[in-house]
Amino acid sequence: IKLFVHIVEYLPSSHTCIHPWFSLSAGQSYKQITPNCWTADNVLEWISDQVESTKFDANTLSLAYCTMDGPTLCEKNEDEMIEIFGPQLGPQLHQSLQEYKTKYETDRKKEFDYKDDYYLTSLTTEPTGDTESDTPRGTHLWEFIRDILINPERNQGLMKWEDRHEGVFKFLKSEAVAQMWGQKKKNSSMTYEKLSRAMRYYYKREILERVDGRRLVYKFGKNSSGWKIEEIGMGM
DNA sequence: CTCAAGTTTCCTGATT
DNA sequence: CAATCAGGAAACTTGA
């Protein structure tokens, strides 16, 4: 994170590629990524949760059979799942997997490769292992901005709230944020000038409200969501 | 392939 | 003066 802040600090001048923090692969919950990106550990974590929620006797389960990564797991059909996990846990796991799959399938930018997926997830991830694995990664500009805003720990100095309750915020490092947005869209020539044009289009759709006289300041409108204090925090 | 949404690009002009 | 803001237009990218 320090490395990240450091890089962003002198970004405006150069065409530096922001990438380093992608590799900070820490323990990421399977709840935050699509099943296809699950690691063997994620799969194990998922199985554990399922076993626990169904009060299934884990002793009858062989660890060896649980060792597989996301892609492998996703290829199993219900019958294969039953064959592996038995008549009780099999169907349960199959259903749960389908739920997670569809949950992320509806996500627009599922085409992003794993690195982008991880980067995005790191922006929207809540600190503690909460119950609801909500808020999939934002794919639109306003969601991208929102996710930076609600994750101050990881994005110090980029943006800040002017009025947290009203949804008024400000760009502190406009060009750095534009670079990050460009990076997400694989467009290295993104600039704040261009990003701001897209922001202005949001006024008509009421995703953003106009805040005039204040440079670099915007306000979330009634058609935006996921930024209010009540909306985040605990699952609802 | 068509269509629409959501930008991305570019630009002229006004403000700060 | 440099950075922003305002929008109109048109090109582009993607997913349905």
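Refer to the preceding data block for the structure.
Because the structure is a prediction, the values reported are computed rather than measured.

A. Local environment of the sheet that holds strand E2 (residues 168-171). Strand order in this open sheet of four strands is E1-E2-E4-E3, and the pairing throughout is antiparallel. Edge strands, defined here as strands with exactly one partner in the open sheet, are strand E1 (159-163) and strand E3 (208-209). Across four bridges, the pairing between E1 and E2 is antiparallel. In the sheet register, Met 159 faces E2, and the bridge partner there is Phe 171. Along the sheet, helix H7 (residues 141-149) contacts E1, E2 and strand E4 (217-220); its crossing angle with E1, the most-contacted strand, is approximately 85 degrees.

B. Quick look at a negative patch on the surface. Taken together, the side chains of Glu 75, Glu 78, Asp 79, Glu 80 and Glu 83 present a region of like negative charge at the surface. Note that Asp 79 resides in helix H5 (residues 78-105).

C. Representation of the protein's contact with DNA strand B in the model. Residues in close proximity to DNA strand B total 14 residues, the closest being Trp 181, Lys 185, Tyr 202, Arg 205 and Arg 215. Within the contact set of DNA strand B, a phosphate oxygen lies 2.6 Å away from a side-chain nitrogen or oxygen of Lys 185. One of the side-chain nitrogen or oxygen atoms of Arg 205 is found 2.8 Å away from a phosphate oxygen of DNA strand B. Ranked by the residues each element gives to the surface near DNA strand B, the list is headed by helix H9 (residues 192-205), at six residues.

So, how was this worked out
Residues numbered from 1 in each chain as written. Chains lettered and ligands numbered in written order. Predicted model: local features only at pLDDT ≥ 70, side-chain atom pairs only at ≥ 80, totals over all residues. Heavy atoms only, no water. Pairing = 2+ DSSP bridges. Helix = DSSP H or I, 4+ residues; strand = E, 2+ residues; numbered from the N terminus. Contact = heavy atoms within 4.5 Å. Axes fitted to C-alpha atoms, helices over the stretch in contact; angles between N-to-C directions. Patch = residues over 30% accessible without salt bridge, like charges linked within 9 Å, V, L, I, M, F, W, Y side chains within 5 Å. Areas by Shrake-Rupley, 256 points an atom, 1.4 Å probe, with all protein chains shown as cover. Salt bridge = Lys/Arg side-chain N within 4 Å of Asp/Glu carboxyl O. Lys, Arg positive; Asp, Glu negative; His and termini not counted. Charge placed at Lys NZ, Arg CZ, Asp CG, Glu CD. Near = heavy atom within 4 Å. Polar contact = N/O pair within 3.5 Å; in protein donor to acceptor, adjacent residues only side chain to side chain.

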